[in-house]
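# Inside the fold
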Protein chains: 2
Amino acid sequence: MVAKQNTQQKILDAAQSLFAETGFNDTSLRQITSAAEVNLAAVNYHFGSKKELIQAVLQRYLRVLMARLDQEFSRLLAAQQPNNLTQVLAVFVKPLLELNSVHHNGTRIFLQLLGRGYTDVQGHLRWFINHHYGRVLDKFVLLVQQSCPQLPASELFWRLHFSLGTVVFTMASNEALAEIAQADFSEEVDIEGVIQRLLPYLAAGIAAPVYSRSNPQQQLRSGT
Amino acid sequence: MVAKQNTQQKILDAAQSLFAETGFNDTSLRQITSAAEVNLAAVNYHFGSKKELIQAVLQRYLRVLMARLDQEFSRLLAAQQPNNLTQVLAVFVKPLLELNSVHHNGTRIFLQLLGRGYTDVQGHLRWFINHHYGRVLDKFVLLVQQSCPQLPASELFWRLHFSLGTVVFTMASNEALAEIAQADFSEEVDIEGVIQRLLPYLAAGIAAPVYSRSNPQQQLRSGT
DNA sequence: CCCAAATTTAAACAGGTGTTTGAAATGTAC
DNA sequence: GTACATTTCAAACACCTGTTTAAATTTGGG
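Model, not experiment: these values are computed from the prediction. (Residues numbered from 1 in each chain as written. Chains lettered and ligands numbered in written order. Predicted model: local features only at pLDDT ≥ 70, side-chain atom pairs only at ≥ 80, totals over all residues. Heavy atoms only, no water.)

Across the boundary between the two partners, chain B contributes 56 residues, which contact 56 residues of chain A. Carbon and sulfur atoms supply 65% of the area buried between chain B and chain A, which totals about 5,200 Å² over both sides. For chain B, the biggest contributors to the area lost against chain A are Trp158, Phe169 and Tyr201 of chain B; these three give 16% of the whole. Between Glu155 of chain A and Arg197 of chain B there is a salt bridge whose closest N-O contact spans 2.6 Å. (Contact = heavy atoms within 4.5 Å. Buried area = accessible area lost by both parts, 1.4 Å probe. Salt bridge = Lys/Arg side-chain N within 4 Å of Asp/Glu carboxyl O.)

The following block contains the structure:
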């Protein structure tokens, strides 16, 4: 009656790495099952379809990450005065790094998967996350709003998506970037290092002064 | 002797839109040729292979963009004193918008293609651009370096790639973001508007204060 | 031990992919 | 108008995709 955990686990483990490296659409079930050393039909038997396998791979991380983020967000929302932006962003670090307890290199793999999901199968992951975890993310938006009260809502919307893009792209091309950094600056880069480099960049970008045509001081077009 | 321009043009026009919307790998030659109303074999006859078609689609824009950027970069490099970062970044605006003369909606299409190229076929486009236009881009890096002399080279490397990620991801998900912005803020968004919103974000991110463990004022981890 | 449920397996399925082929059609120069 | 090169076309190629099937195997409870 009890399902044999081993095969499902082997599939999930093999799938997540291949998905992270090659993308969802460009990874075939045959690659996955042969890496996992299980029969081709096992994916459809245990998960139903490739689509459901992708969801299972993501859910394994999203479930624990979102629960932890929810805690942190609620904690910060309970504070008397608004938290500063850097504090709000830094709240992601621990929950993300704790994904390493879900699986070896879990943080890196999850972030790469996130990158793949937002770019590969346009819209699906965005919808999925918003549908399942929208309530959690709303808390985050509220926190950022409190820490940047001068920022119009529409400007905040765009800047948060810019930030999502920064993270997601960086993680999707993580390997390439790490290789170049190593070659050009003999700099060993782990996922934690990248996150620490990302935070100041994101915080400054989100809190940047708002462009205004009536303020020539921050005019953006090159002078005529 | 002279090749019939019309078929090649029809293929390029149909291909660029489909590539931008669906990605390179997820767009089939049959979709392209039937949208272009030409025979399936025409792609291989005129371009050799799908890979070469992708390159041709990109090159149509890259050639004119890079030539224009090269001009602008050289102009700024000739200045006596270092240009400020916002001026350096703003230099992209005009050349990008001029891509609309290559093709209707050329700017949007090119930027979406760029997004696809950097995420779909991992590494290929990055290599291609560096190989063909590395000299031009080096000028840009030099300009940024001059405008942010306090920034270590390795930090600059990461932040420029963060910025690339911001742009590329924003453009790849351009349609989705524009739809949401319209729905939530009844805000009509064109490509120029997005670019104008991007610049302050990028400028602030690139010039952000460098994180340092010995400077507790900008400590990033949430307190224990 | 035995039987039924759960799992694994090899094989085939229908459909899609990029590419190649050789004949038909078109265009071009003399 | 004939001869030649260029371009189009339908058909087939070999291969890969996710999924299904039905038989073989393994598993666990009575």
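A separate point is the UniProt feature "DNA-binding region" (unreviewed entry) in chain A. Under the local residue numbering, the UniProt record ascribes the feature "DNA-binding region" (unreviewed entry) to residues 28-47 of chain A. The span residues 28-47 of chain A shows a helical share of 70% and a strand share of 0%, and its end C-alpha atoms are spaced 15 Å apart. (UniProt positions renumbered as here; feature names shortened; annotations may be inferred. Helix = DSSP H or I, 4+ residues; strand = E, 2+ residues; numbered from the N terminus.)

A full pass over the atoms with the stated rule returns 21 aromatic pairs over all chains. For the pair Phe157 of chain A and Trp158 of chain A, a centre-to-centre distance of 5.4 Å together with 80° between the ring planes defines the contact as edge-to-face. Exposure remark for Phe157 of chain A: the relative accessible area of 10% places this residue in the buried category. Judged by its relative accessible area of 0%, Trp158 of chain A is buried. With a centroid separation of 5.5 Å and 55° between ring planes, the pair formed by Phe157 of chain A and Phe185 of chain B is classed as tilted. Here the residue Phe157 of chain A occupies a position in helix α9 (residues 153-172), and Phe185 of chain B occupies one in helix α10 (residues 174-185), the pair thus bridging two chains. (Phe/Tyr/Trp six-rings, centres within 6.5 Å; stacked < 30°, edge-to-face > 60°. Buried < 20%, exposed > 50% of the residue type's maximum accessible area, 1.4 Å probe, protein only.)

Before going further, it helps to examine the pattern of salt bridges. Counting across every chain of the model gives 18 salt bridges over all chains. Salt-bridge contacts for Glu98 of chain B lead to Arg68 of chain B; the nearest nitrogen and oxygen are separated by 2.6 Å. Here Arg68 of chain B lies in helix α4 (residues 50-77) and Glu98 of chain B lies in the loop between α6 (93-97) and α7 (106-119), a separation of 30 residues in the sequence. Look at Glu98 of chain B and you get partly exposed, because its relative accessible area is 33%. By relative accessible area, which is 17% here, Arg68 of chain B ends up buried. Residues participating in the shared-partner salt-bridge network are Arg68, Glu72, Arg75 and Glu98 of chain A.

This part covers the environment of Gly205 of chain A. One can find Gly205 of chain A in helix α11 (residues 191-206). Distance in space between the C-alpha atoms of Gly205 of chain A and Phe162 of chain A is 8.7 Å, their sequence separation being 43 residues. Discounting chain neighbours no more than four positions away, the residues touching Gly205 of chain A are Arg159 of chain A together with Tyr201, Ala204 and Gly205 of chain B.

Mapped onto the secondary structure, Gln59 of chain A falls in helix α4 (residues 50-77). Gln59 of chain A has contacts with Phe128 and Tyr133 of chain A, leaving out every residue within four places of it along the chain.

Moving on, we come to empty space enclosed by the protein. Where empty space is left can be seen by rolling a probe of water-molecule size over the atoms. In total, this model carries 1 cavity of 30 Å³ or more according to the counting rule given. In this structure, the largest cavity spans a volume of roughly 80 Å³. Forming the walls of the largest cavity are Thr22, Gly23, Asn25, Asp26, Arg116, Thr119 and Asp120 of chain A together with Thr22, Asn25, Asp26, Arg116 and Asp120 of chain B. The residue inventory of the lining of the largest cavity, partitioned by class, reads no nonpolar, 6 polar and 6 charged. (1 Å grid on protein atoms, 1.4 Å probe; cavity = no way out; pocket = protein on both sides within 12 Å on 5 of 7 lines; lining within 4 Å. Points joined across faces, edges and corners; volume = space filled by probe spheres on them. Nonpolar A, V, L, I, M, F, W, Y, C, P; charged D, E, K, R; others polar.)

All right, on to the relation of the copies chain B and chain A then. Mapping chain B onto chain A leaves a residual RMSD of 0.1 Å; the transformation is a rotation of 180° accompanied by 0.0 Å of translation along its axis. What we have between these two chains is a two-fold relation. Of all interface residues in chain B, 98% are interface residues in chain A too; the two copies therefore contact each other through one and the same surface. (Least-squares fit on C-alpha atoms with pLDDT ≥ 70 in both.)

Moving on, we come to the confidence of the model for chain A. Residues of chain A with pLDDT of at least 70 account for 91%, and the chain-wide mean is 89. At the level of individual helices and strands, chain A shows its lowest average pLDDT in helix α10 (residues 174-185) of chain A, which scores 84, and its highest in helix α2 (residues 29-36) of chain A, which scores 98. (pLDDT = per-residue confidence, 0-100.)

A few words now on unusual backbone geometry. Backbone geometry places Asn105 of chain A, a non-glycine residue, at a positive phi of 60°. Among the secondary structure elements, Asn105 of chain A is positioned in the loop between α6 (93-97) and α7 (106-119). Residues other than glycine seldom take positive phi values, yet Glu37 of chain B does so here, at roughly 55°. Along the chain, Glu37 of chain B turns up in the loop between α2 (29-36) and α3 (42-47).

Residue and element names in this part refer to chain B. Tracing the backbone shows Pro200 in helix α11 (residues 191-206). In this structure Pro200 comes out as buried when scored by relative accessible area, which is 10%. Sequence-wise, Pro200 and Gln145 are 55 residues apart; in three dimensions their C-alpha atoms are separated by 18 Å.

Before going further, it helps to spend a moment on α11 of chain B. Its 16 residues place the ends of α11 of chain B 22 Å apart at the C-alpha level, agreeing with the 22 Å of an ideal helix rising 1.5 Å per residue. Burial analysis of α11 of chain B places 14 of its 16 residues in the buried class, which makes it a mostly covered element. (Expected span 1.5 Å × (residues − 1).)

This next bit is on the environment of Ile129 of chain A. Residues and elements named next belong to chain A. Take Ile129: it is sitting in helix α8 (residues 124-147). Residue Ile129 is classed as buried on the basis of its relative accessible area, which comes to 4%. Separated by 67 residues in the primary sequence, Ile129 and Leu62 have C-alpha atoms spaced 8.6 Å apart. Among all residues touching Ile129, those that are not within four sequence positions of it are Leu62, Met66, Leu114, Tyr118, Gly134 and Leu137.

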